[in-house]
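The residues making up each chain are set out below.
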Amino acid sequence: MNILILGSGGREHALAWAVMQNPKCDKLIVAPGNAGIAQIADCAAFDIEDGGAVAAFAEENAIDFVIVGPEAPLAAGVADRLREAGLLVFGPSEAAAKLEASKSFTKEICDAAKAPTAGYGHFIDADAAKAHVREHGAPTVVKADGLAAGKGVIIAMTEDEAIAAIDDMFGGAFGGAGAEVVIEEFMEGEEASLFVLVDGEDVLAIGSAQDHKRVGEGDTGLNTGGMGAYSPAPVLSAEIEARAMEEIVKPTMRVMAERGMPYQGVLYAGLMIKDGQPRLVEYNVRFGDPECQVLMMRLGAQALDLMHAAAEGRLAEAQVNWADDHAITVVMAAAGYPGSYEKGSEIKGLDALPEDSSNMVFHAGTKAEDGKVLAVGGRVLNVTARGETLQEARDRAYAMVDGVDWPQGFFRRDIGWRALK
Ligand code: AMP
Ligand code: GLY
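Residues numbered from 1 in each chain as written. Chains lettered and ligands numbered in written order. Predicted model: local features only at pLDDT ≥ 70, side-chain atom pairs only at ≥ 80, totals over all residues. Heavy atoms only, no water.

Below, the discussion takes up the site of ligand 1. As a structural note, the neighbourhood of ligand 1 is formed by 15 residues, with Glu184, Glu185, Met187, Glu191 and Glu282 the closest of them. The contact in question runs from a nitrogen atom of ligand 1 to an N or O atom on the side chain of Lys143, over 2.9 Å. A total of 470 Å² of accessible area belongs to ligand 1 in isolation, and the protein chains cover 88% of it. Taken together, the elements giving at least two residues each to the shell around ligand 1 come down to β7 (140–144), β8 (153–156), β9 (181–185) and β16 (277–284). For the shell around ligand 1, the class distribution of residues is eight nonpolar, no polar and seven charged. (Near = heavy atom within 4 Å. Polar contact = N/O pair within 3.5 Å; in protein donor to acceptor, adjacent residues only side chain to side chain. Areas by Shrake-Rupley, 256 points an atom, 1.4 Å probe, with all protein chains shown as cover. Helix = DSSP H or I, 4+ residues; strand = E, 2+ residues; numbered from the N terminus. Nonpolar A, V, L, I, M, F, W, Y, C, P; charged D, E, K, R; others polar.)

So this is what it looks like as structure tokens:
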């Protein structure tokens, strides 16, 4: 099979790494890719949010299967254009991608499916939103309805903070994403993510993970895209996972199919768990980044077979072959991230690190130049390891981190602390 992966982050490096291990993969192209991906696959440059351009590239290169990494091409309808061109693709349609692209859409689908989630109100003007806050009080959560690069969620501890967030959103602080606002009940509990493959009809859970969103140790400081993750998530016991599948994932997928927008691809369910009850925080229509890195480390080559089965509607007969293992990834970021940071510093020491089925440095924001690896993003490397226990995986990952010679970078020393304490 000739395979095309769309994307350029650590998530896509991990997908490429897993896919390449499967003998069914004859040729792999990643667009646009990065310096790490270029070591294992061909990279190509074109606009991955332009469905016509992706379809033309896929036809010219005799691609049999397209895997879409990030949400933006999905929300832009790239999977639809590819299917219209007769190509096999892993990733939902534009209509189904609204599960990530519109928070009010997701809340309404949850209502129809009777899936446990936070109570909410959906508003198109500031006065009604403020009245809702005054009626329900704080803490509360104010969300821009559309895609806002992970920044459109404000946890307001007081009514004043909520009112200010409403003014910001309707004032255009998040552009078009904030033209509509969802206000949610604040949920307490422990968060974990469940990853589920869906083929339009059948579902298959492929693992759980927890990430560390804050920049600082002890989960303090500014929010980031994620400073590390581990899998499995101990809080998501088999029993709670089964509840999440029966009460949340399956009913919402059924409603999507009934409404003529069957979901196909990976569904990332962000859950809040309290007293054994999972509730949905949000859906994403793609793998998490860096959660994908730990999932791929655990699944290895079978990830391709599973994604292919989802794309072909064969999940009913698919199964995951689990090893009783744990994986962890430590994000190395450029000093200053998530604020402003320098680009172009050189990273050394990578060649001496182990690369095998238990140790891998996935590249997120790197570029190769004159034989050097340069940091060109905020999150730059995802140092990932597997072990029989989380402690073993973590020791391996930090041993690799200590071998990276990159003075302009930083990382958290405490990834996994909640699961290890
Ligand atoms: P999101 O951008 O939707 O992933 O939300 C970012 C984070 O905000 C989530 O990972 C949660 O930690 C938090 N969050 C979102 N909605 C709620 C809620 N209703 N109650 C408590 N925390 C929430
Ligand atoms: N790590 C969080 C996300 O991918 O949305």
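Having seen it, we continue.
Turning next to the sheet that holds β8. With antiparallel pairing, the four strands of this open sheet are ordered in space as β6-β9-β7-β8. The sheet terminates laterally at β6 (120–123) and β8, the two strands that pair on one side only. The sheet shows a mean angle of 15 degrees between the axes of neighbouring strands, taken without regard to direction. In terms of strand pairing, β7 meets β8 through four bridges, oriented antiparallel. Counted as the bridge partner of Thr140 is Ala156 from β8. Set on the sheet, helix α9 (residues 159–170) makes contact with β6, β7, β8 and β9; between it and β7 the angle comes to about 5 degrees. (Pairing = 2+ DSSP bridges. Axes fitted to C-alpha atoms, helices over the stretch in contact; angles between N-to-C directions. Contact = heavy atoms within 4.5 Å.)

Okay, the site of ligand 2 next. Near ligand 2 you find Asp211, Gly225, Tyr268, Asn284, Arg286, Gly288, Asp289, Pro290 and Glu291, and these make up its full shell. For ligand 2, an oxygen atom lies 2.9 Å from a polar atom in the backbone of Asp289. Contact with the protein chains removes 87% of the 200 Å² of surface that ligand 2 exposes when unbound. The residue inventory of the shell around ligand 2, partitioned by class, reads two nonpolar, three polar and four charged.

The strand order across the open sheet formed by three strands is β18-β21-β20, and the pairing between neighbours is antiparallel. Every interior strand has two partners, whereas the edge strands, β18 (346–347) and β20 (366–369), have only one. Note that β20 and strand β21 (residues 372–375) share four bridges and pair antiparallel. Note on β21: the bridge partner recorded for Ala368 is Val373.

Quick look at the side chain of Ser193 now. Following the sequence through the fold, Ser193 ends up in strand β10 (residues 190–199). The exposure class assigned to Ser193 is buried, which follows from its relative accessible area of 6%. With residues near it in sequence (within four places) discarded, Ser193 still touches Gly207, Ser208, Ala209, Leu236, Tyr268, Ala269 and Glu291. (Buried < 20%, exposed > 50% of the residue type's maximum accessible area, 1.4 Å probe, protein only.)

Where burial is concerned, most of helix α7 (residues 103–113) is hidden: eight out of the eleven residues are buried. All buried positions along α7 are accounted for by Lys103, Ser104, Phe105, Thr106, Lys107, Ile109, Cys110 and Ala113. Residue Lys114 follows α7 closely and has a positive phi angle near 55 degrees.

Once that is clear, we can look at a nonpolar patch on the surface. Together, Val153, Ile155 and Met157 make up an exposed nonpolar region whose accessible area comes to about 260 Å². Secondary-structure assignment places Val153 in strand β8. For Val153, a relative accessible area of 36% gives the class partly exposed. (Patch = residues over 30% accessible without salt bridge, like charges linked within 9 Å, V, L, I, M, F, W, Y side chains within 5 Å. Salt bridge = Lys/Arg side-chain N within 4 Å of Asp/Glu carboxyl O.)

The next point concerns the pairing of β10. Taking burial as the measure, the ten residues of β10 include eight buried ones, the bulk of the element. Pairing of β10 with strand β15 (residues 264–274), which is carried by ten bridges, proceeds in the antiparallel orientation. Counted as the bridge partner of Ser193 is Gly270 from β15. Linkage of β10 to strand β11 (residues 203–211), two consecutive antiparallel strands, is achieved through a turn of three residues, within which Gly200 is found at a positive phi near 105 degrees.

The next thing to look at is the pattern of salt bridges. Under the definition given, this model contains 22 salt bridges. Between Glu100 and Arg286 there is a salt bridge; the shortest N-O distance is 3.1 Å. With Glu100 in helix α6 (residues 98–101) and Arg286 in the loop between β16 and α11 (291–299), this residue pair connects regions lying 186 residues apart in the sequence. Like Glu100, the residue Arg286 is buried in the burial classification.

Following both chains from N to C, one finds helix α1 (residues 10–20) and α11 inclined at 10 degrees, their axes separated by 8 Å at the closest point. Here α11 runs roughly parallel to α1, going by the angle between their axes. Both α1 and α11 take part in a crossing whose hand is left-handed. In this structure, α1 contributes Gly10, Arg11, Ala14, Leu15, Trp17 and Ala18 to the contact, and α11 contributes Cys292, Gln293, Met296 and Met297. (Parallel < 35°, antiparallel > 145°, perpendicular 65-115°, else oblique. Left-handed = near helix turned anticlockwise from the far one by under 90°.)

The quantities given are spatial measurements derived from coordinates; they are silent on function.
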